[in-house]
Amino acid sequence: MMTVHEVSKISGVSIRALHHYDHIGLLPATEVTQAGYRLYDDGALERLQHIMLFKELEFPLKDIKMILDSPDFDRSKALEQQVHLLELRKEHLQNLIDLARGIKAIGVKHMSFEAFDTRKIDEYAAQAKESWGTTEAYKEYEKKSAGRTKENQQKLNVEMMAIFGEFGKIKEMSPECEEAVMLAKKLQDHITENYYTCTDEILLGLGAMYAGGGEFTANIDKVGGEGTAVFACEAIKAMVAGRKLR
């Protein structure tokens, strides 16, 4: 656990900003001591990294919160965009360094302004932002979550994880059994009702993400036991396959 001062020091985000993030539910403290000190664990620090990425892409804080709270948030996609954006900025800085060295060596008689061109960075940032903010699912999620309180969001998250808990209770059975298929349908209905229309195609993508390792898999297996995420993924496949045979 790290204090708000320690998080501010290693991240460069001001203490005032961290307090604000906590207040609006964007980055809640993992724990608050009896003395009122905010503490943050590794999961909170990872979320802060994503917040900083989306701020670099010039997203408003309310949109960042919606993206990170969305059940289909793709961590790998976000990190891939972050790496590429940093590589573009590294290239831009190297061009400026080379220009400065050239000016030092030969003066400014034939000075070029190409090194100051940031259009490539700006274009990529715009494309990345568009990929998160213009999908129909995102727009529907934004509409349904408008005005939703932090407590209501937490309640929905608990309800969703409870479904995975049910998956865990039957994970030793066949993922094609009636109970597993019904749970897959229950999960799909929960997402559609509270977030966005969860088509079979979207649900299959979510299932692959649940079983793909990382934070999603760990959280699901924590609730239902090891192997729950993979079982849920297979149950989703079975449900969708069954519909196609009808």
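Thresholds applied
- Residues numbered from 1 in each chain as written.
- Predicted model: local features only at pLDDT ≥ 70, side-chain atom pairs only at ≥ 80, totals over all residues.
- Heavy atoms only, no water.
- Core = buried A, V, L, I, M, F, W, Y, C linked by side-chain atoms within 4.5 Å.
- Buried < 20%, exposed > 50% of the residue type's maximum accessible area, 1.4 Å probe, protein only.
- Helix = DSSP H or I, 4+ residues; strand = E, 2+ residues; numbered from the N terminus.
- Contact = heavy atoms within 4.5 Å.
- Pairing = 2+ DSSP bridges.
- Arc of directions from axis to C-beta.
- Axes fitted to C-alpha atoms, helices over the stretch in contact; angles between N-to-C directions.
- Left-handed = near helix turned anticlockwise from the far one by under 90°.
- Nonpolar A, V, L, I, M, F, W, Y, C, P; charged D, E, K, R; others polar.
- Polar contact = N/O pair within 3.5 Å; in protein donor to acceptor, adjacent residues only side chain to side chain.
- Phe/Tyr/Trp six-rings, centres within 6.5 Å; stacked < 30°, edge-to-face > 60°.
- Expected span 1.5 Å × (residues − 1).

## A look at the nonpolar core
With 29 residues, the main nonpolar core has Phe164, Phe167, Leu187, Ile191 and Tyr210 as its most contacted residues. Elements represented by at least two residues in this core include exactly helix H8 (150-169), helix H9 (178-194), helix H10 (200-210) and helix H12 (228-244). Per-element tally for this core: the top contributor is H12, with 7 residues. In this structure Phe164 touches Leu187, Tyr210, Ile220, Val223, Gly224, Thr228 and Ala232, once residues within four positions along its chain are discounted. Counting residues in hydrophobic clusters, the runner-up holds 24 residues, among them Val7, Leu45, Phe54 and Leu68.

## A look at the environment of Tyr141
Within the secondary structure layout, Tyr141 lies in helix H7 (residues 136-145). The class of Tyr141 is buried, set by a relative accessible area of 2%. Considered as a pair, Tyr141 and Thr197 are 56 residues apart in the sequence and their alpha carbons are 8.8 Å apart. Contacts of Tyr141, omitting those with residues within four sequence positions, involve Met66, Asp69, Ser70, Gln153, Tyr195 and Tyr196.

## A closer look at the sheet that holds strand E2 (residues 31-32)
Spatially, E1-E3-E2 is the arrangement adopted by the 3 strands of the open sheet, whose pairing is antiparallel. Both outer strands of the open sheet, strand E1 (2-3) and E2, are each paired with one neighbouring strand and no more.

## Topic: helix H1 (residues 4-11)
Buried within H1 we find Val4, Val7, Ser8 and Ser11. Buried residues of H1, viewed axially, fall in a sector of 100°; they line one side. Turned more than 90 degrees off the buried face of H1, the exposed positions are His5, Lys9 and Ile10. Close packing links the buried residues of H1 with E1, helix H2 (15-23), strand E3 (38-40) and helix H3 (42-56). Just past H1, the residue Gly12 takes up positive phi, approximately 85°.

## Examining the packing of H1 against H2
Contact geometry of H1 with H2 gives a least axis separation of 9 Å together with a crossing angle of 115°. Between H1 and H2 the crossing geometry is right-handed. Contacts between H1 and H2 involve Val4, His5, Val7 and Ser8 from the former and Ile15, Leu18 and His19 from the latter. For the contact of H1 with H2, the class distribution of residues is 4 nonpolar, 3 polar and no charged.

## Quick look at the side chain of Thr228
Relative to the assigned elements, Thr228 resides in helix H12. Residue classification places Thr228 among the buried residues on the basis of a relative accessible area of 0%. Polar contacts involving the side chain of Thr228 include one to the main-chain carbonyl oxygen of Gly225, which spans 2.6 Å. Sequence-distant contacts of Thr228, defined by excluding residues within four places in its chain, comprise Phe164, Phe167, Gly168, Lys171, Ile220 and Asp221.

## Points about the packing of aromatic side chains
The geometry of an aromatic ring pair is captured by the separation of the ring centres together with the interplanar angle, meaning the angle of the planes. Counted by the stated rule, this structure contains 3 aromatic pairs. Between Phe164 and Tyr210, the ring centres sit 5.1 Å apart and the planes meet at 80°, which makes this aromatic pair edge-to-face. Of this pair, Phe164 sits in helix H8 while Tyr210 sits in helix H10, placing them 46 residues apart in sequence. Just as Phe164 is buried, Tyr210 falls in that class too. Ring geometry for Phe167 and Phe231: centres 6.3 Å apart, planes at 75°, overall edge-to-face. Here the residue Phe167 occupies a position in helix H8, and Phe231 occupies one in helix H12, the gap between them amounting to 64 residues. For the pair Phe167 and Phe231, one class covers both residues: buried. Aromatic ring contacts, followed pair by pair, group Phe164, Phe167, Tyr210 and Phe231 into a single cluster.

## A few points about H9
Taking 1.5 Å per residue, 17 residues should reach 24 Å; H9 reaches 24 Å between its end C-alpha atoms and fits that length. Three or more residues of H9 are buried, namely Ala180, Leu183, Ala184, Leu187, Gln188, His190, Ile191 and Asn194. Projected down its long axis, H9 carries its buried residues within an arc of 160°, all on one side. Away from its buried face, by an angle of more than 90 degrees, H9 presents the exposed residues Glu178, Met182 and Glu193.

Bear in mind that shape data such as this cannot, by itself, settle questions of function.
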